[in-house]
Amino acid sequence: MITNMGGPPRRQNDLGRTLSTAAGGARRLDWVLIACVLALAGIGSLLVWSATLPGDGGDPLESLDHLVRHLVHLAVAVVVCLILAAVDYRTVRAYAPIAYGFSVVTLVLVLTPLGAVINGSRGWIVIGGFQFQPSELAKVGLILVLATLLGEPRDGETRPMTRDVLFCLLVMAIPLGLVMLQPDLGTSLVLCAIFLGMLTLSGAPVVWVAGMLSCGALAALAVWWFDLLEPYQLDRIATLMDPAADPQGAGYNSAQALIAVGSGGFDGTGLFQGEQTHGRFVPEQHTDFIFTVAGEELGFVGSGAIIVLFAVVIWRILRIAQGCDQPYPRLLCVGVASWFGFQAFINIGMGLGILPVTGLPLPFVSYGGTAILANMLALGLVLGVNSRDRGFEF
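All figures in this text were calculated on a predicted structure; none of them were measured in a lab.

Another aspect to go through is a nonpolar patch on the surface. Residues Val 105, Leu 109, Leu 114, Ile 127 and Phe 130 make up a contiguous nonpolar surface patch of roughly 440 Å² in combined accessible area. Mapped onto the elements of the fold, Val 105 is located in helix H5 (residues 96-110). In this structure Val 105 comes out as partly exposed when scored by relative accessible area, which is 48%.

Structural data, given as structure tokens:
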């Protein structure tokens, strides 16, 4: 009998097992979800490019600065997403308190001299040429810690009880209060939507879910009754009720957004051909009002395709959540779905003039380094759950 005492065959076997494991992990990824997100990112890159062209609508090749920066942000975020997807979500869970603590510390730093006021909100940390928006990463930190608290009831209980919900309220109140001090109403609403979505599907007592909704309604009524809104916020609400009331003042953004979307018609004016976009009639078109660029240049067909892509993204994330055997990964996915769904709804509704103007970017589509990184971090968490939870199959 001849035995092979050398090393190469063993190394070849190890390599084969490694490749087989990698292939198996790749097969367990949700490629429909990945394809939809990449499609949104690709469309968003084109829209950002168009929205940042010179005001006279010149040659698209003349101004590539924003596009290059956007693509660099996107490339870095995709790499981070893939790295996170390769990490066992049980390992990520151990670092949830650190992620949450980091987000709270950076939100505090925003309110110090390190913070910078941009578009009326002290929501950025600016150091030299580096800009960082902590409120975006606070969404990821909140999801991680809430999934840990709500997904791991104490004393052998099968669902969160009153003390768990109260502790989660405290955990949520800290970043929420810091974000409201900036002030950033849009992000505050997203944090509340994340909390409510995760609480509703955590199995917590129904009375708490009903109580949260009631408290939210009472808080909105109190803010209105005691006149706690800022003047510009009141103007935005008044504009929503009657967009034509002040078209040159408070209603200017909404009025111009409607004109841009309406001018696109069924199939749009064509990419780089939007007169409203290149005329700079709508402010912040590469960030908050990116959907108006789609409405004008891609028309009903293109903007409708974006909405369909978002619907598929939310569906796939919820499908992954449904297939999870454990509450922690399920709540992780629910939190991400609540975030993406609510924020996309607000941004698109704002562009269509059916919701008040808030400073929320469209996930995966709008320009913004921190926002793109946060979106891809959340996607990496979901992909990590999908590739390792054996309860889910394609």
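Another point: unusual backbone geometry. Cis peptide bonds are those with omega within 30 degrees of zero, and the linkage from Gln 182 to Pro 183 qualifies with -10°. One non-glycine residue, Phe 272, adopts positive backbone phi at about 70°. Following the sequence through the fold, Phe 272 ends up in the loop between helix H11 (252-263) and helix H12 (275-278). Overall, the relative accessible area of 17% leaves Phe 272 in the buried class. Positive phi outside glycine occurs at Phe 364, with the angle close to 70°. Tracing the backbone shows Phe 364 in the loop between helix H15 (327-351) and helix H16 (369-388).

Along the chain, Leu 137 falls in helix H6 (residues 134-151). Exposure remark for Leu 137: the relative accessible area of 14% places this residue in the buried category. Sequence separation of Leu 137 and Phe 102 is 35 residues, and the distance between their C-alpha atoms is 9.1 Å. Contact partners of Leu 137, with chain neighbours within four places excluded, come to Phe 102, Ser 103, Phe 132, Thr 370, Ala 374 and Leu 377.

Moving on, we get to helix H13 (residues 290-297). Counting buried residues along H13, 8 of its 8 residues qualify, which places the element largely inside the surrounding structure. Buried within H13 are the following residues: Ile 290, Phe 291, Thr 292, Val 293, Ala 294, Gly 295, Glu 296 and Glu 297.

Close contact between H5 and H6 brings their axes to 8 Å; oriented N to C, the two are set at 145°. Classified by chirality, the crossing of H6 by H5 is left-handed. Packed against H5, whose contacting residues are Ala 96, Ala 99, Tyr 100, Phe 102, Ser 103, Thr 106, Leu 107 and Val 110, the element H6 presents Pro 134, Ser 135, Leu 137, Ala 138, Gly 141, Leu 144, Val 145 and Thr 148 at the interface.

In this structure, Leu 33, Met 198, Ile 317, Trp 339, Phe 340 and Leu 362 are the most contacted members of the largest nonpolar core, which totals 89 residues. No other element matches H15, which puts 12 residues into this core. Discounting chain neighbours no more than four positions away, the residues touching Phe 340 are Val 313, Ile 314, Ile 317, Pro 363, Phe 364, Asn 375 and Ala 378. Listed in part, the 6 residues of the second largest apolar core include Ala 257, Ala 260, Phe 289 and Val 357.

The end-to-end C-alpha separation of helix H8 (residues 185-200) is 22 Å, in line with the 22 Å expected for 16 residues at 1.5 Å each. Measuring from the backbone nitrogen of Gly 186 back to the side-chain oxygen at the start of H8 gives 3.4 Å, which picks out Asp 184 as the cap.

Okay, the pairing of strand E2 (residues 121-127) next. Regular strands show a simple pattern: their side chains alternate between the two faces of the sheet. Relative to E2, strand E1 (residues 115-118) is paired through 4 bridges, and the arrangement is antiparallel. Residue Ala 116 lies in a different strand from E2, and its bridge partner there is Trp 124. From the end of E1 to the start of E2, which pair antiparallel, there are 2 residues, and Asn 119 there has a positive phi angle of about 55°. Pairing geometry for E2 and strand E3 (residues 130-132), over 3 bridges, is antiparallel.

One side chain can pair with another of opposite charge once the charged atoms of both are near each other. For the structure on display, the rule yields 3 salt bridges. A salt bridge links Arg 316 to Asp 30, with the shortest nitrogen-to-oxygen separation between them at 3.0 Å. Taken together, the residues Arg 316 in helix H14 (residues 299-322) and Asp 30 in the loop between helix H1 (8-28) and helix H2 (31-51) connect sequence positions 286 residues apart. Given a relative accessible area of 4%, Arg 316 falls into the buried group.

Parameters and conventions
Throughout, a residue's number is its position along its own chain's written sequence, starting from 1. In keeping with the model being predicted, local features are shown solely for residues with a pLDDT of at least 70 and side-chain atom pairs are shown and tallied solely at 80 or more, while totals for entire chains, interfaces and linings include all residues. To get the side-chain values, all heavy atoms of the structure are used, and hydrogens and water are removed first. Put simply, a patch holds well-exposed residues, over 30% relative accessible area, that have no salt bridge, with like charges counted together within 9 Å and Val, Leu, Ile, Met, Phe, Trp or Tyr side chains within 5 Å. All accessibility values rest on the Shrake-Rupley procedure with a 1.4 Å probe; residue burial counts only the protein chains present in the view. What counts as a salt bridge is simple: a side-chain nitrogen of Lys or Arg found within 4 Å of a carboxyl oxygen of Asp or Glu. A helix here means a DSSP run of H or I that spans at least four residues, while a strand means a run of E at least two residues long, and both kinds are numbered starting from the N terminus. Relative accessibility thresholds used throughout: buried, under 20% of the residue-type maximum; exposed, over 50%; partly exposed, between the two (1.4 Å probe, protein chains only). What makes two residues a contact is simply this: any of their non-hydrogen atoms within 4.5 Å. Orientation is described by axes fitted as lines to C-alpha atoms, over the contacting stretch for helices, and by angles from 0 to 180 degrees between their N-to-C directions. Left-handed describes a crossing in which the near helix is turned anticlockwise from the far one by less than a right angle; the clockwise case is right-handed. Only buried residues count toward a nonpolar core, which is a set of Ala, Val, Leu, Ile, Met, Phe, Trp, Tyr and Cys residues joined through side-chain atoms within 4.5 Å. Every helix has an expected span of 1.5 Å times one less than the residues it contains. We define a polar contact as two N or O atoms separated by no more than 3.5 Å, with the added condition that, inside protein, one atom must be a possible hydrogen donor and the other a possible acceptor, whereas residues neighbouring each other in sequence contribute only through side-chain atom pairs. By definition, two strands form a pair when at least two bridges between them are found by DSSP.

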